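# Residue-level structure breakdown
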Amino acid sequence: MARLPAAVSAGFLLVSACAHTVPPPAPPPETPARVMARIQDWEDRRSLGGGELVRLATAAPEVTVRVRALRALARIQDVATLEAVVAGLTAPDKAVREEAAFAAGELALSWEPLPEDVRTALTGALVRAEASEADGWVRITLLESLGKLATPGAVEVLTARLSPANGPWSEAAATALGVAARKAGAAAVANVPLEAIRALLKPRERSEVNLAGAYLLAASKRPDAVEALRSCLANAHPDVMALCVKGLGDVGSPSDTMALNLMLGDATPRVSAEAARALAKLAAKCEAGAPCDPLLALEGQWRRAKQVAEGKAAQGHALLAVAQQGLPLQGRPVLSRLRSALAEADRVAVSDEAHADLAWLDCRFAAAMDRQQGTLEQVLQCGYGRVPEARRLALGLHEVAQFKGAPTAASKPRDVSPAVPGAAFAVPYLNHASPLVRGGALDALSERPVPEAMAPVRALIGGGDAVVAGLAAATAGKLKDAESLPALEALAERVPKEPDLAEAVAGALVALQGRAAEPRLREWLTHPHANVRRVAAESLTTLTGTPVRSNRVELPADTYRPPAAPAGTTLTLRTRKGDITVLLDPDAPLTGGNLVALAKQGYFRGITFHRVVPDFVAQGGDPRGDGEGGPGHSIRCEMTRRPYARGTVGMALSGKDTGGSQFFFTHSPQPHLDGRYTAFGEVVSGMDVVDALLEGTVIDDVIVGTRAP
């Protein structure tokens with residue numbers, strides 16, 4: 001070993017003895033604001049911050065920071081954070097426990113199904129926490145999360161909390177059981193004692209308990225609940241009435257026509273609309289050729305056409321509900337009579353808007369008639385010349401795709417079982433100039449494929465319209481067209497930059513390639529877009545027979561993030577039916593900021609409400625007008641604690657983190673949407689206008705404003 005010379009060594013020791021090591025200055029403590037900003041950044045990029053986010057969620061000294069970190073974990077929905085969420089359920093501070101309970105519910109609602117061991121662990125943690133929780137609000141959140149989980153153990157606890165009917169937990173438990181039924185199917189709540197539900201429906205001071213009981217009763221779809229449903233029609237609360245009417249439509253019989261006919265005359269549009277829909281459902285239970293009381297009741301709805309002509313658009317919801325539900329073939333004269341009433345009313349309509357409403361309703365009924373026979377006929381000339389051809393054809397094609405009838409006896413040998421005939425009539429529309437019509441034709445052919453569609457469908461796979469290309473890929477898979485594989489593989493190469501293609505392409509690859517599609521799908525498991533990963537995992541699960549889950553992928557720092565909307569920001573939608581003003585929720589800054597940015601660009605001018613489902617939602621914001629369009633970017637979901645009450649505004653999604661420009665208003669409470677779709681605001685004025693929205697209603701503009709504190 002080499003040694004230093006003595007003189008040098010001595011000098012070195014002298015210098016070393018005189019030197020002092022000065023430690024670097026400690027970094028200043030981070031302010032809560034900076035910590036919150038970091039959490040926001042991690043949340044938006046779907047990052048755990050190298051473990052720092054989990055540390056803050058479990059050990060941050062400030063309660064506000066720990067709560068915010070748990071909210072971020074709730075929105076990220078990574079099963080790897082289960083331990084941190086569960087730890088929060090037993091924290092000393094109730095704000096932390098409540099946020100952890102909410103986060104547990106969000107894990108339960110993951111777009112990718114939870115592994116069975118995670119479902120079991122989450123059930124056990126929630127059950128233990130609920131049994132020992134002393135704070136009422138925290139316990140309610142725990143019950144809500146048990147409903148979102150919908151496991152047998154969760155249902156057992158919720159059932160126990162139904163009684164007594166005036167107890168502190170009965171309302172939350174009943175609503176949660178209704179959510180469980182919507183998620184896992186009515187069979188999940190089949191063993192809930194009917195008497196416990198009936199007890200919730202007795203008149204009482206708090207109508208919320210009645211509402212929860214009616215929600216559970218309707219969601220459970222129990223044949224033995226018919227008498228309970230009939231009884232609760234007399235409830236004074238319109239949402240309770242609407243739910244009981246809905247339930248009766250699902251499990252009742254044509255003998256319930258008289259009771260439902262009374263509901264048809266209710267002054268609240270969503271109640272009369274549910275009654276009309278219920279009667280349409282019961283008409284399908286009538287014996288062929290025998291008198292059908294539900295149809296006789298519906299024929300009397302011709303009077304509503306005149307009300308729509310007078311500018312009372314909300315009265316059109318009952319008509320729209322009938323057209324959307326459809327009637328059996330023996331109800332064709334009823335549809336024809338209602339169309340005649342619309343035509344008569346159109347001659348005396350008081351405004352251009354009333355004319356437009358009547359025209360769109362006419363096309364809805366025309367499409368319902370075409371669905372009865374499975375081919376286009378009535379929509380070819382509907383709408384009094386006011387509904388563009390592309391809209392008419394697309395509507396009709398989508399409706400006839402649902403045709404479930406059989407060919408006539410003359411077209412099929414007697415010894416062959418009935419089958420739904422193919423949609424050969426749709427093939428020529430594959431070459432239509434409008435992508436909406438091409439998409440409708442592909443929908444019809446996907447449900448009812450014919451061999452002659454193969455070549456034209458193959459040609460559309462390589463087209464520039466991503467929606468049409470995706471639909472063509474899906475249809476090629478249904479057609480089992482092996483010759484489409486080269487075009488399909490070329491389309492698959494577009495998925496990294498056009499993630500909306502993933503679902504259709506994956507389905508076609510599985511159908512045509514089988515296990516040979518596995519390598520590409522495994523590549524998609526690491527795609528930055530969460531919905532592409534979900535599609536890949538589900539497709540691989542189908543291919544391999546073994547559950548496959550994707551991993552969380554952090555988004556790059558330059559991911560699109562509009563400026564947050566300041567607290568108090570409003571959006572006012574200008575329509576010819578009136579204005580609707582929405583107050584944005586500051587708990588969803590990305591969602592609100594995205595819509596504010598689009599509104600300032602004039603993005604929404606001229607866009608219609610393309611989807612209106614009476615007593616459910618009115619949805620708009622799609623520039624295509626068929627529910628498939630958007631602004632060319634997507635934003636991350638920001639689940640809030642805001643429930644979907646009447647007048648809540650939410651983001652439409654096709655999977656996790658797929659929000660863009662489509663939004664919806666709820667006509668009535670919809671608890672099964674809570675925590676699933678970002679609720680980012682509420683209607684503060686113009687709810688009567690929301691009730692009057694019909695398909696085709698135009699948004700003239702969206703104005704950004706500020707509400708005075």
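Here's a quick rundown of the structure. (Residues numbered from 1 in each chain as written. Predicted model: local features only at pLDDT ≥ 70, side-chain atom pairs only at ≥ 80, totals over all residues. Heavy atoms only, no water.)

### Structural notes on the overall build of the chain
Here is the rule we go by: Numbering of helices and strands runs from the N terminus, with a helix taken as a DSSP run of H or I at least four residues long and a strand as a DSSP run of E at least two residues long. All radius of gyration figures rest on C-alpha atoms, and the globule criterion is 2.2 Å times the number of residues raised to 0.38. Classification of residues uses two cut-offs on accessible area relative to the type maximum, computed with a 1.4 Å probe and protein chains only: under 20% is buried, over 50% is exposed, and between them is partly exposed. Contacts: residue pairs with any heavy atoms within 4.5 Å of one another. Only the protein chains shown count as cover for residues, and the accessible areas themselves come from Shrake-Rupley with a 1.4 Å probe.
The secondary structure content of the chain amounts to 31 helices and eight strands. At 29 Å, the chain has a C-alpha radius of gyration in line with the 27 Å of a compact globule built from 709 residues. Taken over the C-alpha atoms alone, the chain extends approximately 115 × 65 × 55 Å along its principal axes. Split into buried and exposed, the 709 residues of the chain put 56% on the buried side. When contacts within the chain are restricted to residue pairs at least 6 apart in sequence, those whose partners lie at least 24 apart make up 69%. Here the chain displays about 30000 Å² of accessible surface, and carbon together with sulfur accounts for 56% of that area.

### Considering the pattern of salt bridges
Going by this rule: A pairing counts as a salt bridge when a side-chain nitrogen of Lys or Arg comes within 4 Å of a carboxyl oxygen of Asp or Glu.
Using the criterion set out here, one finds 51 salt bridges in the structure. Salt-bridge contacts for Glu-130 lead to Arg-139; the nearest nitrogen and oxygen are separated by 2.8 Å. In this structure, Glu-399 engages Arg-371 in a salt bridge whose closest nitrogen and oxygen atoms are separated by 2.7 Å. Here Arg-371 lies in helix H21 (residues 352-373) and Glu-399 lies in helix H22 (residues 389-400), a separation of 28 residues in the sequence. Take Glu-399: its relative accessible area is 6%, and that puts it in the buried class. Three or more residues are tied together by salt bridges with common partners; here these are Asp-41, Asp-44, Arg-45, Asp-78, Arg-552, Glu-554, Arg-561 and Arg-636.

### Some details on the packing of aromatic side chains
Quick reminder of the rule: The criterion for an aromatic pair is that two Phe, Tyr or Trp rings (for Trp, the six-membered ring) have centres within 6.5 Å, with stacked assigned to planes under 30 degrees apart, edge-to-face to planes over 60 apart and tilted to the rest. Two thresholds decide whether a charge sits over a ring: the Lys NZ or Arg CZ must be within 6 Å of the ring centre and within 35 degrees of the ring normal.
Applying the stated criterion across every chain yields a total of eight aromatic pairs. Centre to centre, the rings of Phe-609 and Phe-663 are 6.1 Å apart; their planes meet at 90°, and the pair counts as edge-to-face. With Phe-609 in strand S3 (residues 609-613) and Phe-663 in strand S6 (residues 663-666), this pair connects stretches of sequence that are 54 residues apart. For Phe-663, a relative accessible area of 5% translates into the label buried. Clustering of aromatic rings is evident, with ring pairs tying together Tyr-603, Phe-604, Phe-609, Phe-663 and Phe-665. The residue whose ring lies beneath Arg-676 is Trp-111, and the NZ or CZ to ring-centre distance is 3.7 Å.

### Re helix H3 (residues 52-59)
For clarity, the cut-off: What the arc covers is the set of directions going from the helix axis to the C-beta atoms.
Turning to H3, its buried residues number three or more, namely Leu-53, Leu-56 and Ala-57. Down the axis of H3, the buried side of the element spans an arc of 100°, and every buried residue falls inside it. For H3, the secondary structure elements touched by its buried residues are helix H2 (32-44) and helix H4 (63-76).

The analysis is restricted to geometry; functional conclusions fall outside its scope.
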